[in-house]
Amino acid sequence: MLTRRRLLLTLAALAAPAGRAAVSYPQVLPRALVFPQDFGAHPDFRTEWWYLTGWLGGPAQPLGFQVTFFRSRTDVDPANPSAFAAHQLVIAHAAIADPARGALLVDERIARAGFGLAETAVGDTDARLSGWSLRRDPATDIYHARIAARDFSLGFTASASAAPWLQGEAGLSHKGPEPLQASYYYSRPQLKVQAQLERNGQLQKLAGIAWLDHEWSSAALAADAAGWDWIGMNLDDGSALAAFQIRSGQAGRPPVQTYAALRAANGAVQLIPPAQLGFTPLRHWNSSRHRAAWPVAQRITIGTRVFETRPLMDDQELDSSLTTGAVYWEGASELLEGGRPVGRGYLEMTGYPEDTRFIL
Amino acid sequence: MLWIWWQLIIRYAWTWRLRTAVQVLAITVGVSLGYAVSLINGAALAEFNAALREINGEADAVIEGSRTGFDEQLYARVATDPAVQMASPVLATDVLVAGTPDEYPPRLTVLGIDVLRAAALSPTLMGDRPGTVDSPASRFAIFGDGILLSPSALARFNVAVGDLLSVQAGGGTVALKVRGTLPGVRPGSLLGVMDLGFAQWRLGGLGRLTRIDLRLADGVSLEALRARLDLPAGVNLAGPDATGARLANLSRAYRVNLNVLALVALFTGGFLVFSLQAQGTLARRAQFAWLRAAGLERGQLKRLLVAEAVSIGTVGSVLGLFAGAAIARAALAALGGDLGGGYFNVGQPVLGFPLLTAAGFAGLGILAAVAGSYLPAREAAHTPPAAALHAGGAEEVLRPLGRIWPGLALLLAAGVLLTLPPVSGVPLPAYLAIGAILTGAIALQPRIARLVSRPLANCLQATRAGTRAPMLLLAANRMVQAPGAAAIAMAGIVASFGLMVAMGTMVSSFRGTLDGWLVQVLPADLYARVGQSTTDAWLPPADLQRISTHPGVQRVEFSRAVPVQLAADRAAVVVVARMIDAADPGAALPLVGSPLAWQPDMPPPVWVSEAMVDLYGAQVGGMLELPLAGRLQRFAVMGVWRDYARQFGSVAMRAEDYQRLTGDRTRTDAAIWLRLGVQAADVSRELLQTLESREVIELRAPDEIRALSLRIFDRSFAVTYVLEAAAILIGMIGVAATFSSQAMARSREFGMLRHIGVTRGQILRVLALEGALATVNAIVVGLLAGLVIALVLIRVINPQSFHWSMQLIVPFGLIAGLIVALLACATGTAAIAGRRAISTSPLRAVHEDW
């Protein structure tokens, strides 16, 4: 599966080959985000995603779920008038994390945009791909998703109770030291979810809580970036925590970029200065499929507060062989503070395997 | 019983090594040819199917249009249908590769695929792109201007990854960057893979698809899907094997013909076994009589002789299977999977050796041997011992062979068989009729021999010529007295000579008619063509102008050939749009029969080839519906023409009608008439310097096209000639063996002749004359049978299998040459065989018996 960070890394390397009409991608410059327009797709930009992660079910039998739609603008000659010209690719990933199973239940889709089979609409969130869909109802601000995967079928609604949370500087999020190494980024935390999950012929009605990220960019990452650690956590008190670090490829060097922000239940946002932010591995899990030691539990220090993440299960590694080939860990995790659970969300890690491959 | 077996069969076989060897050889040659042809056909078809699976992958079903394809909007409808789990769109384009030194610009099939969808259905087409594994930059290279080529295509066009490949597609030339290889594609297959979006844009296929590969949802039947999809005209939904089945169909007639030719060798071998076995039985009749007198049952004797035939058949068959495998291997290496017939465009077929086929041919070989031995065995078993012990009764034994009704019955059966229709496109009854004619002619041969010889003998006696040529009289008399013996000797010759005459006549008729047809269809001074009707390239519009305005050109007729799929399991029909005057279509087309006059209130006129009448039931005066530009269009059939160039049907229509109905203004061919005094070679040279399509255009004078066509014709009949030669060779060996054993059997008779003062030389002359007379007889019978069979081939088998008619052109020279060779050979053989027979002393020879 392709993570947003991996996709950025990947697409960053996609300089237009010589001898072809170069595709020009817009730069990410400071501007005010406008809704509902910015809920929709931005097809001129190189890459974009709608990323929904969350927890379902009660404390006895919790499940994690992830549904992602990616849009990628390729460097196919813009002059090509063919309806099949792969100007835009749409990719979707879905995963269920069930500790009873011990490993992720995953499926993925990829297609070129066109013929109504794969589209990411402009104007509001409306992505579809081979029968999978994610759509925002503008009247109610409720997201509707339908995922008919190989081994499960998931349909849900996720309703927002607050306005979009603009990350970074009013929605402009820095991903590296250069001014243009940035993306537009907003989140929808604390989404209330009503889901229907069908597995092995059994239908479950489940309630839960989720987090949506929508991010788009054309920018390249810093050359020495090795990978990401990212969290998006819904705290039980109604607040939300977003944080990431872009690790340096050179051992011992400080991260290329760090970011953390807390939004209180009342909507007040506290940006944490990078100096007060720290990620520390607490426990590693060794993947047998790929040579990787994933720090599945991490300590995240934000100013005076010290959080720890605890995975729902260790093996939440993903290998997206059919769509991108990237290997990453995308796991439902609890957030602890002082040894006590205070929230639930997702930890995402990239760049740990030694044998990172690209199939497509 | 074992002892008898040993005495009668093994020792006899050893004593008569040559005869046994010839019998075994006859079966061996027949079985080996049959098995080889069948192996080659099987390998070629298997190769094609494997190549097809490689391309179609694991699709459950395929939606297919003709080469011109269908509107891409159908894809959206199909892909979203709940019955369809996965739909993978394909645009197949046959482009011409420029800049090769070939006589014809080579064709490359380029599949435009959606790599994201095809990955699931046809993993072979994903290819190997250098750098893909660790460099993300090349991940999307397939979406751009890249082409992936099969290893054979890289070698054939002499390009490497990173090079540019220049191809003619549609009306223009495109340079494609070779971005990778298709290592999984079978050797020999010329294939390229491009991104569908890029292929549509650069290969002139915007808005079109030619195929959609489908994986169906569980429990969906093809019929149900077909019913709900409501596909446009000319587009079919078929199972995954449809293309393979179509190829099997389109080459079936050719393959069956080759198989039948190979079986002819076995058939002739069967007659040869008969000849020699009859001789052998006659020679051993005294022994048999003793055995019978000693208490051997009639049935036991018969079984013994059949067992002997089975042994011969088994040894011959086993040797034949090995020889056949070797022949198949050699022929595949030399001629390719279609043996020069031009039906398969596939890679190098791999021979499999299926046990069932081997068993089948071994069975046929044994059957031929047993069938050849049955009559002699029955006669031997039924002859009363006393009669058999009595010397000189050999002709008595052969008397049943002189019966007239079996031969007449066989000829009658042939007549009935010829009225029957072909069995699923294969003229099986007609082939059986040929067998019946041949067997019937051989059965009637003793009667005919007597019929011919008696007047000769009478004449010799009456004119007293007999006293001047007593040896001739002796020979003629023997023919009258013992026609059966001569008939036995000649069965193999009648069969092989008859078939040779038949095949020679058929090929000569075909070649002559084709030659005449070529003259008729090539009236202009110079012909230009871009691609064949099976490629997706045409003359660039600028070139049409350049050709028309060349100062040496008086007038040009442009035409367009478009393949149209009328049935999913048949090869495409070619629509030829050209200048035709509806009032005088004969000026443009080689018509068969007289055309109807077209009236402006009728639907647009078409003239169909003979195959359209046979395959699709088109009738002069009737209507024909053709899917053009996605719609069924109605046409009035005004006449039938002969089209040897397109075996699976073609329809000629007026260029203006075609253009009005389809909007297609492209042209693939040009017939150019030059001004007086202008040389075609000069115009051709000048055009080749100025035309855009100069790297792929074929400019040829009619003479050159004729020579090329006839060369292709000869090549495709090369295998036929080889098989024929094999049949006649067996026949010749048979004559030698039969004469030799007959002469030995008659050593008593010769001893007697020597005794009464006939010299050795005179006996040899009698033998030579007998040989000549018998051969003349066989030639007469074979010639008659052969000509009748030729008529069957020309009038029944060719129209039924290849759907074309031809005029009868008898190759007198060839037949005369054959006759001379046969006479010389038979006479010589008879005399040489006789030399051995009379080398024993007269006294011993006469005494042998009592």
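These figures come from a predicted structure and were not determined experimentally.

Trainee: Looking at this structure, how should I read the overall build of chain B?
Mentor: The secondary structure content of chain B amounts to 27 helices and 21 strands. Across the 850 residues of chain B, 51% fall into the buried class.

Trainee: Quick question: what am I supposed to make of the overall build of chain A here?
Mentor: Looking only at helices and strands, one finds 1 helix and 23 strands in chain A. Across the 360 residues in chain A, those meeting the buried criterion constitute 52%. Excluding contacts between residues fewer than 6 apart, the proportion of contacts in chain A whose partners are at least 24 apart in sequence is 59%.

Trainee: Looking at this model, I keep getting lost on the confidence of the model for chain A. Mind explaining?
Mentor: Low pLDDT means the predicted coordinates in that region are not meant to be read closely. Looking at chain A, the pLDDT average stands at 87 and 90% of residues meet or exceed 70. With pLDDT under 50 throughout, residues 1-20 of chain A is counted as low confidence; its partners more than four residues away or in other chains account for 56 contacts.

Trainee: What is the right way to read the confidence of the model for chain B from this model?
Mentor: Residues and elements named next belong to chain B. Confidence in the prediction for chain B averages 79 pLDDT; 84% of positions are at 70 or higher. Note on residues 131-139: pLDDT under 50 across the span, and 16 contacts to partners over four residues away in sequence or across chains. If you check the scores for this complex, the pTM reads 0.69 and the ipTM reads 0.81.

Trainee: What am I meant to see in the environment of B:F812 here?
Mentor: Residue position: B:F812 is located in helix α26 (residues 812-837). Taking the C-alpha atoms as reference points, B:F812 and B:S508, 304 residues apart in sequence, are found 9.9 Å from one another.

Trainee: Please clarify how the packing of helix α15 (residues 428-462) of chain B against helix α25 (residues 760-802) of chain B should be interpreted in this entry.
Mentor: How two helices pack is summed up by the angle between their axes together with the distance between the axes. Residue and element names in this part refer to chain B. Relative orientation of the contacting elements α15 and α25 amounts to 155°, with a least axis distance of 9 Å. Looking at the two axes, α15 sits roughly antiparallel to α25. Relative to α25, α15 is oriented so that their crossing is right-handed. Here A430, A433, I434, I437, L438, A441, Q445, I448, A449, V452 and S453 of α15 lie close against α25, whose contacting residues are L773, N777, V780, V781, L784, A785, V788, I789, V792, V796, I797 and Q800. Grouping the amino acids of the contact of α15 with α25 by side-chain chemistry returns 19 nonpolar, 4 polar and no charged.

Trainee: It is not clear to me how the pairing of strand β4 (residues 105-112) of chain A should be interpreted in this structure. Could you clarify?
Mentor: The side chains of a regular strand alternate, first on one face of the sheet and then on the other. All names here are of chain A. Most of β4 sits inside the fold, with 6 of its 8 residues counted as buried. The pairing of strand β3 (residues 88-97) with β4 spans 8 bridges and is antiparallel. Across the sheet, V90 pairs through a bridge with A111, a residue of β4.

Trainee: Teacher, can you tell me more about helix α9 (residues 285-293) of chain B here?
Mentor: Since the α-helix turns once every 3.6 residues, residues separated by three or four places project in the same direction. Residue and element names in this part refer to chain B. Taken as a whole, α9 has its buried residues at R285, F288 and R292. The arc enclosing the buried residues of α9, seen along the axis, measures out at 55°, which places them on a common side. Looking one or two places after α9, you find G295, whose phi comes out positive at around 115°.

Trainee: Could you clarify how one ought to interpret the packing of helix α14 (residues 405-418) of chain B against α15(B) in this entry?
Mentor: All names here are of chain B. Between α14 and α15, whose axes approach to 8 Å, the crossing angle comes to 160°. In terms of axis orientation, α14 runs roughly antiparallel to α15. The crossing of α14 and α15 is left-handed. Where α14 abuts α15, its residues P406, G407, L410, L411, A413, A414, L417 and L418 lie against P429, A430, L432, A433, A436, I437, T439, G440, A443 and L444.

Trainee: Even after reading the chapter, I still don't get the nonpolar core, so can you show me in this structure?
Mentor: As a rule of thumb, nonpolar side chains are buried together in soluble globular proteins. In this structure, A:F69, A:V90, A:L212, B:V95, B:I147, B:V167 and B:V193 are the most contacted members of the largest nonpolar core, which totals 157 residues. Both domains that furnish three or more residues to this core are identified here as domain 2 (60-239) and domain 4 (526-700) of chain B. Setting aside residues up to four positions removed in sequence, B:V193 forms contacts with B:L111, B:I113, B:L125, B:G127, B:I147, B:L148 and B:L182. In this structure, B:A328, B:L753, B:I763 and B:L764 belong to the second largest nonpolar core, which totals 129 residues.

Trainee: Please clarify how α15(B) should be interpreted in this entry.
Mentor: Taking 1.5 Å per residue as the helical rise, α15(B) with its 35 residues ought to reach 51 Å, and the 50 Å between its terminal C-alpha atoms agrees with that figure. Where α15(B) bends most, at B:Q445, the angle is about 45°, and the proline B:P446 comes one to four residues later.

Trainee: How should unusual backbone geometry be read in this particular structure?
Mentor: Negative phi characterises most residues that are not glycine, and trans characterises most peptide bonds. Each neighbour pair has its own omega, and for A:F35 with A:P36 the value is 10°, a cis peptide bond. Looking at the element boundaries, A:P36 is found in the loop between α1 (4-12) and β1 (47-56). Of note in this structure, A:F115 is not a glycine but carries a positive phi near 55°. By the element assignment, A:F115 lies in the loop between β4 and β5 (118-120). Non-glycine residue B:D230 carries a positive phi angle of around 50°. Among the structural elements, B:D230 can be located in the loop between α7 (222-229) and β11 (236-238).

Trainee: Whenever I open this one, the pairing of strand β8 (residues 142-148) of chain A confuses me. Can you help?
Mentor: All names here are of chain A. Burial of the side chains of β8 is restricted to one face: Y143, A145 and I147 are buried, whereas none of I142, H144, R146 and A148 on the reverse face is. Direction of pairing for strand β7 (residues 132-137) relative to β8: antiparallel, over a ladder of 5 bridges. Within the sheet, the bridge partner assigned to D137 lies in β8 and is I142. Once β7 ends, the chain turns through 4 residues before running back antiparallel as β8, passing D141 with a positive phi of about 60°. When β8 meets strand β9 (residues 152-159), the two strands line up antiparallel, connected through 7 bridges. Looking at the pairing, Y143 lines up with A158 of β9.

Trainee: What should I look at first to understand the environment of B:S189 in this one?
Mentor: Position of B:S189 relative to the elements: it lies in the loop between β7 (172-181) and β8 (191-195). Overall, B:S189 belongs to the buried group, with 22 C-beta atoms counted inside 10 Å.

Trainee: Got a minute to help me understand the environment of B:R511 in this structure?
Mentor: Residues and elements named next belong to chain B. Topologically, R511 is positioned in helix α18 (residues 483-521). Expressed as a C-alpha distance, the spacing of R511 and L710, which sit 199 residues apart in the sequence, is 7.5 Å. Here R511 is in contact with L710 and F713, once residues within four sequence places are set aside.

Scoring rules and cut-offs
Residues numbered from 1 in each chain as written. Chains lettered and ligands numbered in written order. Predicted model: local features only at pLDDT ≥ 70, side-chain atom pairs only at ≥ 80, totals over all residues. Helix = DSSP H or I, 4+ residues; strand = E, 2+ residues; numbered from the N terminus. Buried ≥ 20, exposed ≤ 12 C-beta atoms within 10 Å, placed from the backbone. Contact = placed C-beta atoms within 7 Å. pLDDT = per-residue confidence, 0-100. Axes fitted to C-alpha atoms, helices over the stretch in contact; angles between N-to-C directions. Parallel < 35°, antiparallel > 145°, perpendicular 65-115°, else oblique. Left-handed = near helix turned anticlockwise from the far one by under 90°. Nonpolar A, V, L, I, M, F, W, Y, C, P; charged D, E, K, R; others polar. Pairing = 2+ DSSP bridges. Arc of directions from axis to C-beta. Core = buried A, V, L, I, M, F, W, Y, C linked by C-beta atoms within 7 Å. Domains from an automatic or database assignment. Expected span 1.5 Å × (residues − 1). Bend = angle between axes of the 7 residues up to and from the residue.

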